[in-house]
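Residues per chain, in single letters:
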Amino acid sequence: ARNSEPFGDFPLRERFRAALSKNSPGVGCLSLVAMEAAYTYGDSYADQLVAYLQGNRDYILDYLKTYLPQLHPIFPEAMFLIWLDCRGLGLTAKELPDFFQKAGVRLSMGDAYRERSGQFVRLNFGCARATLTAGLERIRKAAERLTKDN
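Because the structure is predicted, anything quoted here is derived from the model rather than measured. (Residues numbered from 1 in each chain as written. Predicted model: local features only at pLDDT ≥ 70, side-chain atom pairs only at ≥ 80, totals over all residues. Heavy atoms only, no water.)

### What to know about the overall build of the protein chain
Then, in step 1: Along the protein chain, the regular secondary structure elements total five helices and four strands.
Then, in step 2: Along the protein chain, helices and strands appear, N-terminal first, in the series α-α-α-β-β-α-β-β-α.
Then, in step 3: Computed over C-alpha atoms, the radius of gyration of the protein chain comes to 23 Å, more than 25% over the 15 Å expected from 2.2 N^0.38 for 150 residues, which places it beyond the range of a compact globule.
Then, in step 4: For the C-alpha atoms alone, the extent of the protein chain along its principal axes is close to 80 × 30 × 25 Å.
Then, in step 5: Of all 150 residues assigned to the protein chain, the portion counted as buried reaches 28%.
Then, in step 6: Counting every atom, the protein chain has about 10600 Å² of accessible surface; 55% of that belongs to carbon and sulfur.
Then, in step 7: Within the protein chain, the 17 negative side-chain charges are centred at a point lying 4 Å from the centre of the 20 positive side-chain charges. (Helix = DSSP H or I, 4+ residues; strand = E, 2+ residues; numbered from the N terminus. Rg over C-alpha atoms; globule rule 2.2 N^0.38 Å. Buried < 20%, exposed > 50% of the residue type's maximum accessible area, 1.4 Å probe, protein only. Areas by Shrake-Rupley, 256 points an atom, 1.4 Å probe, with all protein chains shown as cover. Lys, Arg positive; Asp, Glu negative; His and termini not counted. Charge placed at Lys NZ, Arg CZ, Asp CG, Glu CD.)

Rendered as structure tokens:
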């Protein structure tokens, strides 16, 4: 009688488990099936996702040019992260994190990535356009308050 387990015989199952723990610790069998399905059937989804992310990227670039010219984006080469040069805000490296916190947005400060000036932040645009718009609006309003206060 054939074993009903996916790997039937014990030696093959043990080889699979050893390879899995070495190459993918903490990844279960269903994750591997999902990955295979994504690679096999996910082209349409991936194309749609890339188009959406490119739309978000372009939206940020246009928004910054129109409403926040004091922030200078560094055009992303991949993924869904964009660096912003914040020197145009006129804040010190110590004041910058507070500016974004008071604005109600959470961006990654550049010093976490060994950026030495403390004037760069990383914005994640892998989100819904409404979320992105809300965050950019908060930054714009905070920049306007900053200008009024000075």
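### Examining a positive patch on the surface
Then, in step 1: Taken together, the side chains of Arg 138, Lys 141, Arg 145 and Lys 148 make up a positively charged region of the molecular surface.
Then, in step 2: In this structure, Arg 145 sits in helix α5 (residues 129–149). (Patch = residues over 30% accessible without salt bridge, like charges linked within 9 Å, V, L, I, M, F, W, Y side chains within 5 Å. Salt bridge = Lys/Arg side-chain N within 4 Å of Asp/Glu carboxyl O.)

### What about the environment of Glu 115?
Then, in step 1: Relative to the elements of secondary structure, Glu 115 occurs in the loop between β3 (108–109) and β4 (120–124).
Then, in step 2: Residues Glu 115 and Leu 64 lie 51 residues apart in sequence; the distance between their C-alpha atoms is 22 Å.
Then, in step 3: Excluding residues within four positions of it along the chain, Glu 115 makes contact with Gly 110 and Phe 120.
Then, in step 4: From its side chain, Glu 115 meets the backbone nitrogen of Gly 118 in a polar contact 2.9 Å long.
Then, in step 5: At 3.5 Å, the side chain of Glu 115 and the backbone nitrogen of Gln 119 are in polar contact. (Contact = heavy atoms within 4.5 Å. Polar contact = N/O pair within 3.5 Å; in protein donor to acceptor, adjacent residues only side chain to side chain.)

### Notes on the sheet that holds β3
Then, in step 1: Here four strands make up an open sheet; going across it, the order is β1-β2-β4-β3 and the pairing antiparallel. Only two strands of the sheet have a single neighbouring strand rather than two, namely β1 (72–74) and β3.
Then, in step 2: Where β3 meets β4, two bridges bridge the pair, whose relative direction is antiparallel. Across the sheet, Ser 108 pairs through a bridge with Arg 122, a residue of β4.
Then, in step 3: Strands in contact with helix α3 (residues 43–67) are β1, β2 (81–85) and β4; relative to β2, the strand with the most contacts, it is inclined by about 15 degrees. (Pairing = 2+ DSSP bridges. Axes fitted to C-alpha atoms, helices over the stretch in contact; angles between N-to-C directions.)

### What to know about the packing of α3 against α5
Then, in step 1: At a minimum axis distance of 11 Å, the contact between α3 and α5 shows a crossing angle of 20 degrees. If you check the angle between α3 and α5, you find them roughly parallel. In this structure, the crossing between α3 and α5 has a hand that is right-handed. Residue-level inspection shows Tyr 52, Gly 55, Asn 56, Tyr 59, Ile 60, Tyr 63, Leu 64 and Tyr 67 of α3 in contact with α5, the latter providing Arg 129, Leu 132, Thr 133, Leu 136, Glu 137 and Arg 140. (Parallel < 35°, antiparallel > 145°, perpendicular 65-115°, else oblique. Left-handed = near helix turned anticlockwise from the far one by under 90°.)

### Digging into the pairing of β4
Then, in step 1: As paired elements, β2 and β4 share five bridges and run antiparallel to each other. Bridging across to β4, Asp 85 finds its partner in Phe 120.

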